[in-house]
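# An overview of the molecular structure
Below are the chains, spelled out letter by letter.
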Amino acid sequence: MTLRRRRFLQAAGLGAGSLMLPSLWSRKGASAGPTNLPPARLVICYTEHGVVHEGWGMRRGMPDNTRWDYALGPLTQAEFSPSLRPLWRHRNKMAVIDGLSLATAISDPYGDGHAKGWCSSLTGGIARETIESVKSNAAKPSIDQVIGKALRAQDPFLTDLVTQEFGIFQYNFHAAIYGEGAAGGPVVRMPHLEQPKGAFDRLFPNGDGTAPPDPVRVAQPDVLAEVATMYDQVAGRLSTRDRQKLEQHRDLVRDMESRLRRLAGNVCAAPTNLADYYWGEVPYPQRFDEHTDSFWQLTRAALQCGISRVVSMQWGQLDVATIGGTGDLHHNYAHPSDPNQSMDPQHAMAKTVMTNYTAKYADYIAKLADLLDSIPEENGTLLDNTMILMVSEISHGGHDHDRWPITIIGGGNFLRTGRYFNYEKETLTTTTASWVNNDTKIGMPHNHLLVAIAQAMGVQTDVIGDATVRPKKPGAPAISLSGPLPGLLL
Amino acid sequence: MHSRVMAMLAFALGGCWGSIGDPGNTEDPCGAIPEVGIRRLSHTEYRNTVRDLFPTMTVPDLQLAPDPTPHGFDNDAESLQAAPLLVNQYNAAAVTLADEVARDLDLAGVTCQPAQGSACGRELILTLGTRAFRRPLGQTEIAAFQSVFDRYLATNGFSAAAELTTQAILQAPQFLYRVETGAEGGTSSNYDVASRLSYLLWSTMPDQALFDAAGRGELTTPADVATQVDRMLADPRALDGFMNFTRQWLELARIDRVTKPMAGGWSEDVRTALGEEAKRFLNEVVFRRGGTLSDFLLSNKAFIGPDTAQFYGLPAPADWTEVTMPPDRRGFLMQAQFLSANGHPDNPSPVLRGLFVLRNLLCVELGSPPAGVNMTIPGPVAGMPLTNRNNYDRVTGAELCQTCHSVINPVGFVFEQYDTFGKLRMTDNGLPVDPSGMFGTTTFAGPHELLDYLASSEEVHKCVTDKFLTFAIGGAEGSKDTCLARDVQDEFVATGGSLTQLMKSIATHPRYLGSAASKGAN
């Protein structure tokens, strides 16, 4: 292991030409649905601090508080909002969704806006309270894990790599991906993979097919089977709580064994020339850019080869100098960009920088969309079967959870894409804050978006996260959070 | 005010000040010893254990997803669960390490030759397995590993057999988790005690002397254990254990995340040097010299380097040097590492500094701000010459904010005479600095009075004990054993607040050693 600054797999067997091969998702016996068309896939792109709505939204003078949608196709590049302009070339394959709320986060009386968003945005639930770290954990698993579990139950060919968790974290560790803990135990924050080399090794356990199989590698599934048996032997002598911990570990070992058997010899469209740096090896912006590109290559391979159905990519804060600022992005720019801070002398500059911030991530995502759109599938391209969800934990720098900004690129075979959707404020506020009027209205709860995505992915459910939430207004009925977002699904 | 703080303390800390013993238990006034269950090694413990398992190996960088820290420490038994990525990373680490062992059996302490075949495999299993599992292997375990070895010896040869068997050992639950076997009568076995001591005091596996003592049954009586604890505290690895606790308790990693303007003298070298400065102070003044809580808070000894002298107005030495600090500096909280780590880019943060003292020295947990509040760092206001203190008073003045900030700010304000780099200042924005403050009903003219208060406070001694017990037990269960907490607190106070004595008090307490976890695994 002398790899430090790596450009590995310089000359993999299939090489760059494999990118243009048709998707290899279709396997004999795969339950891809009644029509045997390619399955739906999902990529969650998570950034922090919300957006500057002036630089993000494209309501174009239409009323804020009614429900409408319009086609994005006729818009010129200049007419696209600055934050979303890097995605203009995908305008006919994207949906911008304006006006939703994180009603569950708003209902949660504890914690700051960031923390409630981490725990609520992708789970549809509220945070789990703990004594000393009130906002450390969500109460429900996030949608990617829910979908992954449901799809594995449907398709015996899928492995534990049905979901992949990637991340680039340097200045913070605020993650929004949560999975089920040990049986009966609390939901836990999912670890993420930060090194592209590690992700490659999981997807291609026997390398890229250019070298003969290593006999030790070949034997590993059998060794893991032995290890799993040891977990059984030890667990059998423990208390219920401890036994559950080891049984969970054992199941994960067996998952790995099963996956290694399944992926043995897999060289499907192995990516080449991936950058992989440890912290400090290269300047931070370079690592951020190149690791993002590497993770896009791996995302493409995982989805194209039918190994994964859901990939999450969580970014920490990028270097503020790359978007026209200096110092601390969070406190110097994100917070002062709050629309309620218009008197702050930093406000105008902060809005510019945070608009650039969203645009920078939109540019990254546009490149992923390019990549997926270059892979033909039976009914279009890989992008047409993949929803790239661009999501944040809050709405804007003021920690609000109303008018939660959502952009979805791709998924045109399941969603009405090429449109800008606006949803009116039609839900009674769920906050318990004393200073908020009982009759205040907030946007449609985001749980409906999560349900729509789950259904598009082939998961038969009407609920993601909580099923209802209480409005603040005394005597008002509970607010239902079930059912898909109206107007979005085909 | 005092009752309000104490009410918060009671709410936040629950059992910290609870009654001693279990009122419902008429047989034992202390109640049953809380069970902590099996515990996965934290990544710190795992890496240290790998280091000591293969002492002659140059261990490569092993990638492990970060451990959760729900109670401020990374060894929380409840949270240390398996996760898909982590299990994969354990596998990758096992593959890497086993590859090294297969190339050189000496790395695993094995002296036999491959030509000896199965017999040499048995030596590998017994030698590596015993140390990896931190106890002798049972016959079932030996047979299972021998079966793996012999199968691959027949099909793939000795090297592959050694490699795959090592992989299996390094992914087994007996290695990745601390699974206690227990002894007759429900007490801990000698090997259980050996692991408890080594992971508490060294954050790693037992050494050979501890294994030998366990093998001879010499970890049974308090005197036997005390002998080993004295030996272990004198070992250089005790510093690893102490710093593993201290690094997390004092949030030393915060310095790695702050941003400061270069114009004020900041650089990456300065950041590194401030981290080093704190470590040297803690290592030398607090640990090696058997320092007390008072030394931690009040000592005028410190270590300055070429990059940190500027913050104290001292001439820069050529290398790290121990100095007697100027009268305006005493203890950890007046050093630049703490002061700059708890500050924003342009201004010090009385909120961060106050919260640090409340959370880590007084065990007051105040939670997070309510939703929707303005969290913007107070900046200059046109036409209003304000000090940083005035600004924080301004933005936290609302009744809603004051619920917590009436407690936080008066503690943090006492450090206002130090700027965001920790440099002494008499004026702020052209106005005189006001370093007065308050906690409960006690007022302070400045930081020296606060530090004197903290150093003599029973609450602080209790809080530090509680923090260490949380670390020692591996979760909040630590402070729930009220008899253990009471005894350790009493001894901590009686020894003048000696932090090394605190480690010894816990390590030798019968309830710590006897709180056997789930039994099994042999």
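Here the residue index of a chain counts from 1 through its sequence in written order. Following the order in which they are written, the chains are lettered starting with A and the ligands numbered starting with 1. Reporting of local features is limited, given that this is a predicted model, to residues whose pLDDT is at least 70; pairs of side-chain atoms are given and counted only at 80 or more, and all residues count toward the totals for whole chains, interfaces and linings.

### Quick notes on the overall build of chain B
Helix and strand definitions follow DSSP, with helices as H or I runs of at least four residues and strands as E runs of at least two, each counted in order from the N terminus. Of regular secondary structure, chain B possesses 22 helices and eight strands. Here chain B holds 522 residues, and 52% of them are scored as buried. We call a residue exposed when 12 or fewer other C-beta atoms sit within 10 Å of its C-beta, buried when the count reaches 20 or more, and partly exposed for counts in between; the C-beta positions come from the backbone.

### Re the overall build of chain A
For chain A, the count of helices and strands is eleven helices and 20 strands. In chain A, which comprises 490 residues, the share counted as buried stands at 57%.

### Considerations on helix α11 (residues 447-456) of chain A
All names here are of chain A. The element α11 is extensively covered by neighbouring structure, given that ten of its ten residues are classed as buried. Within the span of α11, buried status applies to Asn447, His448, Leu449, Leu450, Val451, Ala452, Ile453, Ala454, Gln455 and Ala456. Residues are scored as being in contact if the C-beta atoms we place from backbone atoms lie within 7 Å. On the buried face of α11, the contacting elements are β2 (41-47), β4 (94-101), α4 (143-154), β14 (386-392), β15 (402-410) and β18 (441-445). Once α11 finishes, glycine 458 follows within two positions and takes phi at roughly 90°, a positive value.

### Examining the nonpolar core
Residue and element names in this part refer to chain A. The biggest cluster of nonpolar side chains holds 185 residues, and the ones touching the most others in it are Cys45, Ile365, Ile388, Leu389, Ile453 and Ala454. No other element matches the 13 residues that helix α10 (residues 347-373) contributes to this core. If we skip the residues at most four places from it in the chain, alanine 454 touches Ile143, Val146, Ile147, Val459, Thr461 and Ile464. In plain words, the nonpolar core is the set of buried Ala, Val, Leu, Ile, Met, Phe, Trp, Tyr and Cys residues that C-beta atoms within 7 Å link up.

### Observations regarding the environment of B:Ala102
Residues and elements named next belong to chain B. Assignment of secondary structure puts alanine 102 in helix α3 (residues 84-103). Sequence separation between alanine 102 and glutamate 163 is 61 residues, and the spatial gap between their C-alpha atoms is 5.0 Å. Beyond its immediate stretch of four places on either side in the chain, alanine 102 contacts Ser159, Ala162, Glu163 and Thr166.

### Looking at the domain arrangement of chain B
Where each domain begins and ends follows an automated or database-derived domain assignment. Domain annotation of chain B identifies domain 1 (42-177), domain 2 (246-368 + 384-456) and domain 3 (458-514). In this structure, domain 1 of chain B and domain 2 of chain B have C-alpha centres spaced 44 Å apart.

### As for the pairing of strand β11 (residues 310-315) of chain A
Residues and elements named next belong to chain A. The element β11 is extensively covered by neighbouring structure, given that six of its six residues are classed as buried. Covered by surrounding structure in β11 are Val310, Ser312 and Gln314 together with Val311, Met313 and Trp315, the residues of both alternating faces. Any two strands are treated as partners once DSSP identifies two or more bridges connecting them. When β2 meets β11, the two strands line up parallel, connected through five bridges. Residue pairing across strands places leucine 42 opposite valine 310, the latter belonging to β11. When strand β7 (residues 163-168) meets β11, the two strands line up parallel, connected through six bridges.

### Concerning the environment of A:Ala127
Residues and elements named next belong to chain A. Examined against the element boundaries, alanine 127 turns out to sit in strand β5 (residues 127-128). According to the C-beta neighbour criterion, alanine 127 is buried, with 24 such atoms within 10 Å. Each C-alpha atom, one on alanine 127 and one on threonine 104, is 9.2 Å from the other, the two residues being 23 residues apart in sequence.

### Examining the pairing of β18(A)
Residues and elements named next belong to chain A. Within β18, four of the five residues are buried, which leaves the element mostly enclosed by the surrounding structure. Across two bridges, the pairing between β4 and β18 is parallel. Among the inter-strand pairings, leucine 100 is bridged to a residue of β18, identified as methionine 444. In this structure, strand β17 (residues 425-428) lies alongside β18, joined through three bridges in antiparallel fashion. Directly across from lysine 425, in β18, lies its bridge partner glycine 443.

### Observations regarding the domain arrangement of chain A
Residue and element names in this part refer to chain A. Assigned domains within chain A: domain 1 (6-207 + 267-480) and domain 2 (214-264). Of the residues lining the interface, nine residues belong to domain 1; the matching set on domain 2 comes to twelve residues. Three classes are used, and their members are as follows: Ala, Val, Leu, Ile, Met, Phe, Trp, Tyr, Cys and Pro are nonpolar, Asp, Glu, Lys and Arg are charged, and the others, Gly among them, are polar. Split by residue class, the side of domain 1 that touches domain 2 holds four nonpolar, four polar and one charged.

### Here we look at the confidence of the model for chain A
Of the residues in chain A, 88% have a pLDDT of 70 or more, and the chain-wide mean is 86. pLDDT: the predictor's confidence for each residue, scored from 0 to 100. Between residues 130-134 of chain A, whose pLDDT stays under 50, and residues either more than four places distant or in other chains, the model counts 13 contacts.

### Some details on the packing of helix α6 (residues 215-235) of chain A against helix α6 (residues 158-171) of chain B
Here α6(A) crosses α6(B) at 40°, and the two axes come no closer than 10 Å. The angle between α6(A) and α6(B) places the two elements in the oblique class. Crossing geometry of α6(A) relative to α6(B) is assigned as right-handed. Taking contact as the criterion, the partners of A:Pro215, A:Val216, A:Ala219, A:Val223, A:Glu226 and A:Val227 in α6(A) are, on α6(B), B:Ala160, B:Glu163, B:Leu164, B:Gln167, B:Ala168 and B:Gln171. For the contact of α6(A) with α6(B), the class distribution of residues is eight nonpolar, two polar and two charged. Between N-to-C directions, angles span 0 to 180 degrees; the directions come from axes that are lines fitted to C-alpha atoms, helices contributing only their stretch in contact. Our angle categories are set so that under 35 degrees counts as roughly parallel, over 145 as roughly antiparallel, 65 to 115 as roughly perpendicular, and the remainder as oblique. A crossing counts as left-handed when the near helix is turned anticlockwise from the far one by less than a right angle, and as right-handed when that turn is clockwise.

### Focus on the environment of A:Cys268
All names here are of chain A. Tracing the sequence through the fold places cysteine 268 in the loop between α7 (240-263) and β10 (274-276). Look at cysteine 268 and you get buried, because 21 C-beta atoms sit within 10 Å. Measuring from C-alpha to C-alpha, the distance between cysteine 268 and glycine 306 comes to 9.4 Å, with 38 residues separating the pair along the chain.

### Some thoughts on the confidence of the model for chain B
Residues and elements named next belong to chain B. In the predicted model, chain B carries a mean pLDDT of 87, and 89% of its residues have values of at least 70. Ranking the helices and strands of chain B by mean pLDDT puts helix α7 (residues 173-176) first, with 98, and helix α1 (residues 2-13) last, with 37. Scored below 50 in pLDDT, residues 1-26 makes 34 contacts in the model with residues more than four places away or belonging to other chains. Per the prediction output, this complex has pTM 0.74; the corresponding ipTM is 0.86.

### Considering the packing of helix α8 (residues 190-201) of chain B against helix α21 (residues 499-508) of chain B
Helix packing geometry: the angle between the two helix axes and the distance between the axes. All names here are of chain B. At a closest axis distance of 10 Å, the pairing of α8 and α21 adopts a crossing angle of 160°. With respect to their mutual orientation, α8 and α21 come out roughly antiparallel. Like other packed secondary-structure pairs, α8 and α21 cross with a definite hand, here right-handed. Each of Leu197, Leu200 and Leu201 in α8 lies in contact with α21, whose residues at this interface are Met503, Ile506 and Ala507. Taken together, the residues that form the contact of α8 with α21 break down as six nonpolar, no polar and no charged.

### Details of helix α20 (residues 482-494) of chain B
Residue and element names in this part refer to chain B. Multiply 1.5 Å by the residue count of a helix minus one, and that product is the helix's expected span. Between its first and last C-alpha, α20 extends 18 Å over 13 residues, near the 18 Å set by a 1.5 Å rise per residue. Burial in α20 covers these residues: Thr482, Leu484, Ala485, Asp487, Val488, Gln489 and Phe492. Backbone geometry just downstream of α20 places glycine 496 in the positive-phi region, at approximately 75°.

### Quick word on unusual backbone geometry
Residues and elements named next belong to chain A. The phi dihedral of alanine 269 is positive, around 45°, even though this residue is not glycine. The buried category is assigned to alanine 269, around which 25 C-beta atoms lie within 10 Å. Positive phi outside glycine occurs at histidine 399, with the angle close to 70°. Examined against the element boundaries, histidine 399 turns out to sit in the loop between β14 and β15.

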